[in-house]
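Spelled out, the chains give:
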Number of protein chains: 2
Amino acid sequence: MTYSKNHAFSSELQEIATICKALSHPARIAILKHLSTCSSCISGDITKEIPLSRSTVSQHLQELKKANLIEGEIDGVKICYCLNSKIIKKHFGLLNKILIEISTENKFTKCC
Amino acid sequence: MTYSKNHAFSSELQEIATICKALSHPARIAILKHLSTCSSCISGDITKEIPLSRSTVSQHLQELKKANLIEGEIDGVKICYCLNSKIIKKHFGLLNKILIEISTENKFTKCC
DNA sequence: AAATTATGTCGTATGTTTGCGACATAATTT
DNA sequence: AAATTATGTCGCAAACATACGACATAATTT
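First things first, this report covers the structure right here in the doc. Being a predicted model, the structure only gives us computed values, none of them experimental. (Residues numbered from 1 in each chain as written. Chains lettered and ligands numbered in written order. Predicted model: local features only at pLDDT ≥ 70, side-chain atom pairs only at ≥ 80, totals over all residues. Heavy atoms only, no water.)

**Remarks on the nonpolar core**
Stated precisely, the cut-off is as follows: Here, the term nonpolar core denotes a set of buried Ala, Val, Leu, Ile, Met, Phe, Trp, Tyr and Cys residues that are joined through side-chain atoms within 4.5 Å. Classification of residues uses two cut-offs on accessible area relative to the type maximum, computed with a 1.4 Å probe and protein chains only: under 20% is buried, over 50% is exposed, and between them is partly exposed. The criterion used for residue contact is that any of the two residues' heavy atoms lie within 4.5 Å.
Ile50(A), Leu95(A), Ile50(B) and Leu95(B) are the most contacted members of the largest nonpolar core, which totals 74 residues. For Ile50(B), the contacting residues outside a window of four places in its chain are Phe9(A), Ala27(B), Ala30(B), Ile31(B) and Val57(B).

**With respect to the packing of helix α5 (residues 85–103) of chain A against helix α2 (residues 26–37) of chain B**
Spelled out, the test is: In this analysis, axes come from line fits to C-alpha atoms, helices being fitted only over the stretch in contact, and the angle between any two N-to-C directions falls in the range 0 to 180 degrees. Think of it this way: any DSSP run of H or I at least four residues long counts as a helix, any run of E at least two long counts as a strand, and we number them from the N terminus. Under this scheme an angle from 65 to 115 degrees is roughly perpendicular, one under 35 degrees roughly parallel, and one over 145 degrees roughly antiparallel; angles in between are oblique. When residues are grouped by polarity, Ala, Val, Leu, Ile, Met, Phe, Trp, Tyr, Cys and Pro land in nonpolar, Asp, Glu, Lys and Arg in charged, and all others, Gly among them, in polar.
In the contact formed by α5(A) and α2(B), the axes pass within 8 Å of each other and the chain directions differ by 45 degrees. Relative to α2(B), α5(A) is oriented oblique. The segment α5(A) lies against α2(B), with Ile98(A), Glu101(A) and Ile102(A) engaging Ile29(B), Leu32(B), Lys33(B) and Ser36(B). In the contact of α5(A) with α2(B), the residues fall into four nonpolar, one polar and two charged.

**Here's the deal with the protein's contact with DNA strand C**
Heads up, the rule is: A cutoff of 4 Å decides nearness: a residue is near a molecule or strand if any of its heavy atoms lies inside that distance of it. For this analysis, a polar contact is any N or O atom pair within 3.5 Å, provided that within protein one partner can donate a hydrogen and the other can accept it, and provided that sequence-adjacent residues contribute only side-chain to side-chain pairs.
Around DNA strand C, 29 residues are found, and the nearest of them are Tyr3(B), Lys5(B), Gly44(B), Arg54(B) and Tyr81(B). Backbone atoms, meaning sugar and phosphate, make up 62% of the atoms of DNA strand C lying within 4 Å of the protein. Lys21(A) places a side-chain nitrogen or oxygen 3.2 Å from a phosphate oxygen of DNA strand C. Those elements that place two or more of their residues in the surface near DNA strand C are α4 (54–66) of chain A together with α3 (43–49), α4 (54–66) and β2 (78–83) of chain B. Here the surface near DNA strand C takes five residues from α4(A), the largest share from any one element.

**Here we look at the side chain of His25(A)**
Tracing the chain through its elements places His25(A) in the loop between α1 (11–22) and α2 (26–37). Reaching out from His25(A), the side chain makes a polar contact with the backbone nitrogen of Ala27(A) at a distance of 3.0 Å. The contacts of His25(A), once residues within four sequence positions are left out, are His60(A), Asn6(B), Phe9(B) and Ala17(B).

**Observations concerning the relation of the copies chain B and chain A**
Our working rule: All copies are superposed by least squares; the fitting set is the C-alpha atoms of residues with a pLDDT of at least 70 in both.
Relative to chain A, chain B is turned by 180 degrees and slid 0.0 Å along the rotation axis, the superposed coordinates differing by an RMSD of 0.1 Å. Look at the turn and shift together and you get a two-fold axis relating the two. Nearest to the rotation axis, the C-alpha of Cys20(B) is located 2.4 Å from it, this being the minimum over chain B. A symmetric contact is evident, with 100% of the interface residues of chain B recurring at the interface of chain A.

**Details of α4(A)**
Residue and element names in this part refer to chain A. Condition: Given a helix with a known number of residues, its expected span is that number minus one, times 1.5 Å.
The end-to-end C-alpha distance of α4 is 18 Å, a good match for the 18 Å that 13 residues give at a rise of 1.5 Å each. Against the buried residues of α4 lie α1, α2, α3 (43–49), β1 (70–75) and β2 (78–83). Following α4 by one or two positions, Asn 68 has its phi on the positive side, about 70 degrees.

**Let's talk about the protein's contact with DNA strand D**
Around DNA strand D there are 29 residues in total, and Tyr3(A), Lys5(A), Gly44(A), Arg54(A) and Tyr81(A) lie nearest to it. In DNA strand D, atoms within 4 Å of the protein come 63% from sugar and phosphate. The side chain of Thr56(B) places a nitrogen or oxygen atom 3.3 Å from a phosphate oxygen of DNA strand D. Residue assignment for the surface near DNA strand D shows that the elements contributing at least two residues are α3, α4 and β2 of chain A together with α4 of chain B. Class assignment for the residues of the surface near DNA strand D results in ten nonpolar, 13 polar and six charged.

Below, the structure is given as structure tokens:
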């Protein structure tokens, strides 16, 4: 079977879908939330916060990195993660725009 | 292997993740966007808007329904879909809250 | 009553995600 | 140089998502 017809949609829709996909797991939201409030963002500290195995958390971190939502900086043996504020603001703005667009009452009669 | 450890996270995180999952496919965002602007929301009309087969669109509609983002009302042979504005506003408010929380600059020094 | 129309559901193929343990690597300490 | 520490990556298994055609059903038209 041919698969994933994402290319059939506008790049804006694809982009929003990608952002939402990155946010579609509680562990990843928990990581972002944690990073937004803590001073230290050493990988090991994040792992302690998340009720999953170290390798699974590492995987989620890589996904957030791939989505450009976080950055990692090597510091000796440790790796220090933090939010990519600039990209996050840009992405969240786009997401917010469409959320408002969708949740604004339309002018036509509703059927239900 | 045991699977899906969602239960290990707070219900708030789970709820946000669920909303994002519903929005994580371009076809579903396109459907919501379409419903927010059109006067008619007959299932067949939606299907014409989306570049996927009828049965696949139907599947996406069921998922949006399961996530409570849309409602369907039978009208003879046809089915009329519309946004569940109330739930959408509630959910999007929750989502927006966390987006602001995450994207707000924190008060601590950043490591990268 | 047969044909048509609108829509949902099932079965199937395939791709993707989640989760873990085991192994690899590279910096630091002993 | 060996041990320890922090972290990433691989390989696997199970679950889930995507996509489609074929079939089922129920209302409407002929």
